[in-house]
Amino acid sequence: MPDPLTTPATELPVRRLGPEDLSRCLALSEDRAWAREERKWLFLLENAEVYAIDAPSGDLAGTVTLTRYGMAAAGIGMMLVATRYGGRGLGRRLMTHVLDAAGDATVFLWATEFGRPLYEKLGFEALGVTEARVGRLRTGHDPVLSRPADLDADLGALLALDGEVFGADRADLLARLFAFAEEVRVTEDESGLTGYAVSWRSVDTLFIGPVVADGEAVARALVTDLARKAGGLVRIEAERARPGLLDWLGERGLSQAFSTSFMVHGGRPVPGDRTRMFAPMMLATG
Ligand SMILES: CC(C)(COP(=O)(O)OP(=O)(O)OC[C@H]1O[C@@H](n2cnc3c(N)ncnc32)[C@H](O)[C@@H]1OP(=O)(O)O)[C@@H](O)C(=O)NCCC(=O)NCCS
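Residues numbered from 1 in each chain as written. Predicted model: local features only at pLDDT ≥ 70, side-chain atom pairs only at ≥ 80, totals over all residues. Heavy atoms only, no water.

Overview of the overall build of the chain
On a plain count of helices and strands, the chain comes out with eight helices and 13 strands. Relative to the compact-globule value of 19 Å for 286 residues, the chain shows a C-alpha radius of gyration of 19 Å, a close match. Each of the 286 residues in the chain was classed as buried or not, and the buried ones make up 53%. Taking the contacts inside the chain whose residues are at least 6 apart along the sequence as the reference set, 71% of them involve residues at least 24 apart. Approximately 12400 Å² of the chain is accessible, and the part contributed by carbon and sulfur atoms is 50%. In the chain, the 32 positive side-chain charges and the 40 negative ones have mean positions that sit 5 Å from each other. (Helix = DSSP H or I, 4+ residues; strand = E, 2+ residues; numbered from the N terminus. Rg over C-alpha atoms; globule rule 2.2 N^0.38 Å. Buried < 20%, exposed > 50% of the residue type's maximum accessible area, 1.4 Å probe, protein only. Contact = heavy atoms within 4.5 Å. Areas by Shrake-Rupley, 256 points an atom, 1.4 Å probe, with all protein chains shown as cover. Lys, Arg positive; Asp, Glu negative; His and termini not counted. Charge placed at Lys NZ, Arg CZ, Asp CG, Glu CD.)

Put into structure tokens, the structure is as follows:
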């Protein structure tokens, strides 16, 4: 096996991983002081395309995930290069591999400050900042304004709503997410569904996303109702361009843990109607 310390990065093989590589992915996360997100990694290994460069030790030297949304769009995530292999072009090698694999799709990702310089060099443009908000969400005496989704009866309307807002086909991934989820809730009025949102667990935290809603009041109701079952930390990714939502999250006890830049390759327009997308599914998938 070629050694990334002595082989030019452009000659290193990139391998598609499977669920059997879970422990290697966790070890790489730990190397970069990222949480050991076992459930999330397994979800990605089973439902996205995870690519890696191997190290001679049997560990992974680097990873990246590609989540395809039909032919039109794709999300990139989990870009990690082990500390000892950093600065040798492995990040660039992995990114160019998934960009090639994505073909003509509109490709987006959330960049940390470490990844952003590389992504800019590869033609990504930042469209905004997203805050990871974490804390114990105080639900107070708010009335319950949503109901659990009935995944037989609501599925068609829910997927239609998501298709309009996300702008690309993620029906298969959503079906897998609903199986992985803690809860899926919907809001409705006389005309039909006005929103839906999902909560799912990773390590000690209840993540809320995606949140799709006709307006901020609906988004708040969905977040509040999902958070009732948290029993601990809640996390949601919220855009800085939504100061009203951020203020409300702050009042309810969620503060910024870190921030990322939302970037799109080639400055392409993002599909769908993002005015109704209040939180992404997870930073790793778009
Ligand atoms: C970000 C990360 C994946 C980069 O991997 P890497 O293998 O060290 O990156 P590369 O060696 O391929 O460098 C990529 C390019 O970015 C440039 N670059 C890296 N950091 C930079 C910085 N702070 N400022 C300017 N340019 C920078 C390099 O010079 C290089 O440019 P070149 O290809 O034109 O020579 C790695 O540092 C990492 O895993 N960080 C921790 C996890 C993380 O934050 N991941 C990103 C998630 S979005």
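On we go from here.
Looking at the packing of helix H7 (residues 216-227) against helix H8 (residues 243-251)
At a closest axis distance of 11 Å, the pairing of H7 and H8 adopts a crossing angle of 30°. For the element pair H7 / H8, the angle class is roughly parallel. Handedness of the H7/H8 crossing: right-handed. Note on element contacts: H8 touches H7 through Gly244, Leu245 and Trp248, opposite Glu216, Arg220, Val223 and Thr224. Each residue belonging to the contact of H7 with H8 can be placed in one class, and the counts come to three nonpolar, two polar and two charged. (Axes fitted to C-alpha atoms, helices over the stretch in contact; angles between N-to-C directions. Parallel < 35°, antiparallel > 145°, perpendicular 65-115°, else oblique. Left-handed = near helix turned anticlockwise from the far one by under 90°. Nonpolar A, V, L, I, M, F, W, Y, C, P; charged D, E, K, R; others polar.)

Quick word on the packing of aromatic side chains
Two measures describe an aromatic ring pair: the distance that separates the ring centres and the angle between the ring planes. Under the definition given, this model contains ten aromatic pairs. With centroids separated by 4.6 Å and ring planes inclined at 35°, the aromatic side chains of Phe43 and Phe180 adopt a geometry described as tilted. Here Phe43, found in helix H2 (residues 38-47), pairs with Phe180, found in helix H6 (residues 171-180); they are 137 residues apart in sequence, far enough to count as distant. The interplanar angle of 10° and the centroid separation of 6.3 Å between the aromatic rings of Tyr69 and Phe108 together place this pair among those described as stacked. Remark: Phe108 occurs in strand E5 (residues 106-111) and Tyr69 occurs in strand E3 (residues 60-69); sequence separation between them is 39 residues. Grouping residues by exposure puts Tyr69 and Phe108 together as buried. Taking NZ or CZ as reference, Arg170 lies 3.9 Å from the ring centre of Phe166, over its face. (Phe/Tyr/Trp six-rings, centres within 6.5 Å; stacked < 30°, edge-to-face > 60°. Lys NZ or Arg CZ within 6 Å of the ring centre and 35° of its normal.)

Quick notes on the UniProt feature "domain: N-acetyltransferase" (unreviewed entry) in the chain
UniProt marks residues 12-150 with the feature "domain: N-acetyltransferase" (unreviewed entry), using the numbering shown here. Secondary structure across residues 12-150 divides into 28% helix and 34% strand, with the first and last C-alpha atoms of the span separated by 47 Å. (UniProt positions renumbered as here; feature names shortened; annotations may be inferred.)

As for the pairing of strand E12 (residues 255-265)
Direction of pairing for E5 relative to E12: antiparallel, over a ladder of four bridges. Residue Trp110 lies in a different strand from E12, and its bridge partner there is Phe262. Bridge count for strand E6 (residues 124-135) against E12 is ten bridges, and the pairing is antiparallel. For Ala132, the partnering residue across the bridge sits in E12 and is Phe258. (Pairing = 2+ DSSP bridges.)

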